[in-house]
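What the coordinates show
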Amino acid sequence: MNSEADTTFTLPELRLIPHDWKVSRLRDVAGINELTLRNDFPFRTIEYIDIDSVEEGIIKNSKEMEVNKAPTRARRLLRSGDIIISTVRPNLKHYARIKVIKRNSVCSTGFLVVTPKTIDSAFLYYFLTLQSYTDFLSAIAAGQTSAYPSFNPNVVENTNVPFPPISEQQAIAKILSDLDEKIELNNQMNKTLEDIAQVIFKRWFIDFEFPNENGEPYKSSGGEMVESELGMIPKGWGVSTIGKSLQTFLGGTPSTKNKNYWTNGSIPWINSGKVNEFRILEPTAYITEEALKNSATKIMPKKTTVIAITGATLGKVSIIEKEMCANQSVVGIIENKILPSEFIYFWIKAHMKKLMSEQTGGAQQHINKENVNSLEILIPPLQIIEKYIINVRPIFDEISNKCFENLTLSKIRDDLLSKFMTGKIRVPLEEQNVQ
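It should be emphasised that the depicted structure is a prediction, and the values quoted were computed from it without experimental measurement.

Here we come to the overall build of the chain. Broken down by element type, the chain carries 12 helices and 25 strands. Considering only C-alpha atoms, the chain reaches an extent of 80 × 60 × 55 Å along its principal axes. When the 435 residues of the chain are sorted by exposure, 49% land in the buried category. Taking as baseline every contact in the chain between residues at least 6 positions apart, the subset at least 24 positions apart corresponds to 73%. For the chain, the accessible surface area stands at approximately 21,800 Å², while carbon and sulfur atoms represent 50% of it.

Have a look at this one:
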């Protein structure tokens, strides 16, 4: 290892690099925002990628639209191998690497598009998504006077990038990519598993085609239906409200002025942004026992269904996988024997449109705990719930297992990423060539 004393590094941990590594400004190894949608664009439609559709390396969706109907921000043309990073609120990690792209793909001007030239695309992507680099961009963005925290593209252009020989770049990228692919495979499997469980829920509790005593679908086999506040429901079933049948919690935030509340705490606490996660495994922060006693927040048990009631995540629904408390922008619904979380979660998702119709406010729309409490909920007989749980709980358990597996894989990847990018761990290239 040797000191690169004559080079100004963006990140302190990169002041020492292996002697056989090189250092270049990013603009010397990659292009920035090279291609823009012009009048001579040869396609009638574009495949548009907006900022909200990209999250931590995953492009969740794209929208096909006619060029003349596209938003004015749909301007940056994309190529395979490009890296896109949102210049607004970089802490939200709206970034991804384009592996394979359609020829008419375009992204928002809110993205910075990096096109690697003389450096491996995946290696550069992992460098630019180091947590310390994201923190660096976030600090710059927070210091701007614009309406939204953002950074100028020249910050990235002028970043010093240390890198090993190309064969080692590719070997490093291969290891990290394999971990990311496993994580993504688990994510896809979890989506499939949830879709299966949701189909079962809908068939039983929306379509009322749960198996009758003869194993036949209830409603279509002539099962007796009666009128209720929710419309026609099976005879013997009831209707209540969430507030009457379930315990609900509204969160709270301990005073941020009291540093003792937020230092060396052991009680996990989440903000409403966490509700955007498929399952909530880790908190936003930890608070102390004193903070818990002196604020409105309350500890919610594992498997509580949580709803974001304001802000950018308004209307999002998730489940906490550990005991946690939350801020005042989150309502938690606690399961019980009659109404387990596997039922509550899908019931809320199925009736979110009704909940959202209750929202009020000006620039910051919101719903409240009373809106949640007043939402009507079906009360099936216990024996029906028990049979439903036999079918869906193994699915929910498998989803939970895969989520925790991904958490472990992510921590391994992040630890390796930091060590690979600083040369603290070198990839044995001889082993990489063994077939």
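Now that the structure has been shown, the text picks up again.
Now for the sheet that holds strand 8 (residues 63-66). Across the sheet, which stays open at both edges, the four strands sit in the order 8-5-12-9 with mixed pairing between neighbours. The strands lining the two open edges of the sheet, one partner per strand, are strand 8 and strand 9 (74-77). Pairwise comparison of adjacent strand axes, ignoring direction, gives a mean angle of 45° for this sheet.

Glancing now at the packing of aromatic side chains. All chains considered together, the criterion is met by 22 aromatic pairs. Measuring from ring centre to ring centre gives 6.1 Å for Trp-204 and Phe-205, while their planes differ by 55°; the resulting arrangement is tilted. Considering the side-chain rings of Tyr-345 and Phe-346, the 5.3 Å spacing of their centres and the 50° angle between planes classify their relative orientation as tilted. When sorted by exposure, Tyr-345 lands in the same class as Phe-346, which is buried. A cation sits over an aromatic face here: Arg-279 above Phe-278, 4.5 Å from the ring centre.

On to helix 2 (residues 121-128), then. The element helix 2 is extensively covered by neighbouring structure, given that eight of its eight residues are classed as buried. Listed as buried for helix 2 are Ser-121, Ala-122, Phe-123, Leu-124, Tyr-125, Tyr-126, Phe-127 and Leu-128. Measuring from the side-chain oxygen of the N-cap residue of helix 2 to the backbone nitrogen of Ala-122 gives 3.2 Å; that N-cap residue is Asp-120.

So, how was this worked out
- Each residue is numbered by its place in its chain's sequence as written, counting from 1.
- Two thresholds apply to this predicted model, a pLDDT of at least 70 for residue-level local features and 80 or more for giving and counting side-chain atom pairs, whereas whole-chain, interface and lining totals are computed over all residues.
- Calculation of side-chain values draws on the structure's entire complement of heavy atoms; hydrogens and water are dropped beforehand.
- The way it works is that DSSP assigns letters per residue, a run of H or I at least four long becomes a helix, a run of E at least two long becomes a strand, and they are numbered from the N terminus.
- In this scheme, a residue with accessible area under 20% of its type's maximum is buried, one over 50% is exposed, and one in between is partly exposed, where area comes from a 1.4 Å probe on protein chains only.
- Two residues qualify as a contact provided that any one of their heavy atoms is within 4.5 Å of a heavy atom in the partner residue.
- Only the protein chains shown count as cover for residues, and all accessible areas are computed by the Shrake-Rupley method using a 1.4 Å probe.
- When DSSP finds at least two bridges between two strands, those strands are taken to pair.
- A fitted line through C-alpha atoms represents every axis, and for helices the fit uses only the stretch in contact; the resulting angles, taken between N-to-C directions, go from 0 to 180 degrees.
- To pair, rings of Phe, Tyr and Trp, with the six-membered ring standing in for Trp, must have centres within 6.5 Å; the planes then decide the type, stacked if under 30 degrees apart, edge-to-face if over 60, and tilted in the middle.
- Only lysine NZ and arginine CZ atoms are considered, and such an atom sits over a ring when it is within 6 Å of the ring centre and within 35 degrees of the ring normal.
- The definition of a polar contact used here is a pair of N or O atoms within 3.5 Å, where within protein one atom must be able to donate a hydrogen and the other to accept one, and adjacent residues in sequence count solely through side-chain atom pairs.

The values are spatial; any link to function lies outside them.
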